Amino acid sequence: MNRGKTALRKMVSHIFQFMVVLIGITLLTFSIMYLSPKNPAELWLAGSDGNVGMISEEAIRQQEHIMGLDRPFAVQYISWLLNVLQGDLGISYTSKQPVLDELLSHMTPTIQMTFYSLAVTVVISIPLGILCAVYKDKNIDNALRIFSFLGISVPSFVLSLALNLINVVATDGIKGLILPICVLVIQCSAKMIRQVRAIVLEQMNEPYVEGAIIRGIDEKTILYKHVLKNCAAPILTCVSIYVGVFLGGSTVIEGIFSVNGLGRLAVSAVSRLDYNLIQGFVLWC
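These numbers come from a predicted model, not from an experiment. (Residues numbered from 1 in each chain as written. Predicted model: local features only at pLDDT ≥ 70, side-chain atom pairs only at ≥ 80, totals over all residues. Heavy atoms only, no water.)

**Q** Explain the overall build of the protein to me, using residue names and the numbers behind them.
**A** Tallying secondary structure elements over the protein gives 14 helices and zero strands in all. Classification of the 285 residues of the protein by burial places 35% in the buried group. Residue pairs in contact within the protein that sit at least 24 positions apart in sequence constitute 75% of those at least 6 positions apart. With an accessible surface of roughly 16900 Å², the protein has 65% of that area assigned to carbon and sulfur atoms. (Helix = DSSP H or I, 4+ residues; strand = E, 2+ residues; numbered from the N terminus. Buried < 20%, exposed > 50% of the residue type's maximum accessible area, 1.4 Å probe, protein only. Contact = heavy atoms within 4.5 Å. Areas by Shrake-Rupley, 256 points an atom, 1.4 Å probe, with all protein chains shown as cover.)

**Q** Requested: an account of the environment of Arg194, with residues and values cited.
**A** Position of Arg194 among the secondary structure elements: in helix α9 (residues 178-204). Looking at Arg194, the relative accessible area reads 44%, which means it is partly exposed. For the pair Arg194 and Ser148, spaced 46 residues apart in the sequence, the C-alpha separation amounts to 7.1 Å. Residue contacts for Arg194: discarding those within four places in its chain leaves Ser148 and Ile152.

**Q** Before we move on, can you summarise unusual backbone geometry with the specific residues and values?
**A** Even without being glycine, Asp137 reaches a positive phi, approximately 65°. Note that Asp137 resides in the loop between α6 (107-134) and α7 (139-153).

**Q** Pulling in residues and values, what's your account of α7?
**A** Each α-helix turn comprises 3.6 residues. Residues three or four places apart therefore point the same way. The end-to-end C-alpha distance of α7 is 21 Å, a good match for the 21 Å that 15 residues give at a rise of 1.5 Å each. Looking only at α7, the buried set comprises Asp141, Leu144, Ser148 and Gly151. One face of α7 carries all of its buried residues, which in axial projection span an arc of 90°. For α7, the exposed residues lying more than 90 degrees away from the buried face are Asn139, Ile146 and Phe149. Residues of α7 that are buried in the fold lie against α6 and α9. (Expected span 1.5 Å × (residues − 1). Arc of directions from axis to C-beta.)

**Q** Run through the confidence of the model for the protein, naming residues and quoting values.
**A** In the predicted model, the protein carries a mean pLDDT of 80, and 88% of its residues have values of at least 70. Mean pLDDT across the secondary structure elements of the protein bottoms out at helix α8 (residues 156-162), with 68, and peaks at α6, with 89. (pLDDT = per-residue confidence, 0-100.)

**Q** Help me get a handle on the packing of helix α13 (residues 262-271) against helix α14 (residues 275-284), residues and values and all.
**A** Running from N to C, α13 and α14 cross one another at 145°; their axes reach a closest spacing of 9 Å. Taken as a pair, α13 and α14 cross one another with a handedness that is left-handed. Where α13 approaches α14, its residues Leu262, Gly263, Leu265, Ala266, Ala269 and Val270 are matched on the opposing element by Leu277, Ile278, Phe281 and Trp284. Residues belonging to the contact of α13 with α14 are distributed by class as follows: nine nonpolar, one polar and no charged. (Axes fitted to C-alpha atoms, helices over the stretch in contact; angles between N-to-C directions. Left-handed = near helix turned anticlockwise from the far one by under 90°. Nonpolar A, V, L, I, M, F, W, Y, C, P; charged D, E, K, R; others polar.)

**Q** Account for the packing of α6 against α9, naming residues and giving values.
**A** Packed helix pairs are specified by the crossing angle of their axes together with the interaxial distance, meaning the distance between the axes. Two elements in contact, α6 and α9, have axes separated by 7 Å at closest approach and are oriented at 35°. When the axes of α6 and α9 are compared, the crossing they make is right-handed. For the contact of α6 with α9, the residue count by class is 22 nonpolar, five polar and one charged.

**Q** Quick rundown of the pattern of salt bridges? Include the residues and the values.
**A** This model, assessed by the stated rule, comprises five salt bridges. Residue Glu64 pairs with Arg61 through a salt bridge whose shortest N-O separation is 2.9 Å. With a gap of three residues between them, Glu64 and Arg61 both fall in helix α3 (residues 57-67), about one helical turn apart. Since its relative accessible area comes to 12%, Glu64 is described here as buried. A salt bridge links Arg197 to Asp141, with the shortest nitrogen-to-oxygen separation between them at 2.9 Å. Taken together, the residues Arg197 in helix α9 and Asp141 in helix α7 connect sequence positions 56 residues apart. Its relative accessible area of 15% is what places Arg197 among the buried residues. You can call Asp141 buried: its relative accessible area is 0%. (Salt bridge = Lys/Arg side-chain N within 4 Å of Asp/Glu carboxyl O.)

**Q** So what's going on with the nonpolar core? Which residues, and what values?
**A** Grouped together as the largest cluster of nonpolar side chains are 31 residues, with contacts concentrated most on Met113, Val200, Val227 and Tyr242. Listing elements by their share of this core, those giving two or more residues are α6, α9, α10 (207-214) and α11 (219-248). Ignoring sequence-local partners within four residues, the contact set of Met113 consists of Leu177, Pro180, Ile181, Leu184, Ser250, Ile253, Glu254 and Val259. Leu22, Met33, Leu103 and Phe281 belong to the second-largest nonpolar core, a separate cluster that totals 25 residues. (Core = buried A, V, L, I, M, F, W, Y, C linked by side-chain atoms within 4.5 Å.)

This is how it looks when you write it as structure tokens:
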């Protein structure tokens, strides 16, 4: 009975924390957009080229009313939040399509990049991270630490241009995602190798390892049957964090390689102050 109550309390606590984070992040984003000196209604009337001549104040006020921007800030935010809780992310100011449909239509390239980038990053980083820990301060460890330092330090746009060996404009299919995936893999592998190395080293310094060595157990047996087994959970947690990093952190890379994914959609939404679309992207991330 007590276990059931404890589980219920934890579930309620997690839901409450989720709601607090949701409200905090979306309120901050909404506030930044609201305080922007640009007027979304004026941008909408100006069109994509922004060359329509003078726009009257009356037309701007009318468009603000249509878009609901003439209401107080609190009313706008609460109305949006209540709609979101019902599964309605609103209508994009730019395309006049439901925000959810816009996100779904641009989701495939981003998910493909995330899947392949994460798979390659894991295949590369976990073995190399373990290798660095086993041969701590040896040549291979020092070389991979230098690679990690460079991979973390070089900005993604510089790395993207450095790898521009073929046409930078993405083609349809996986071929057009090869270079973006390479950039993501290099940058994230540089970080994950160091993280896996730290996790394995922490376990190798635990008392049970020293005790096993004293008892004469083979080092390979200690590593594979004990150390790596205990490293599985923290490494899995580390990998799961990178799912969010790949899904939400490829905005610059998608822009450079002209990948028509969520990141590029978000940049376009910001430039047009498309409130609903920006908020939808924030929720996605």
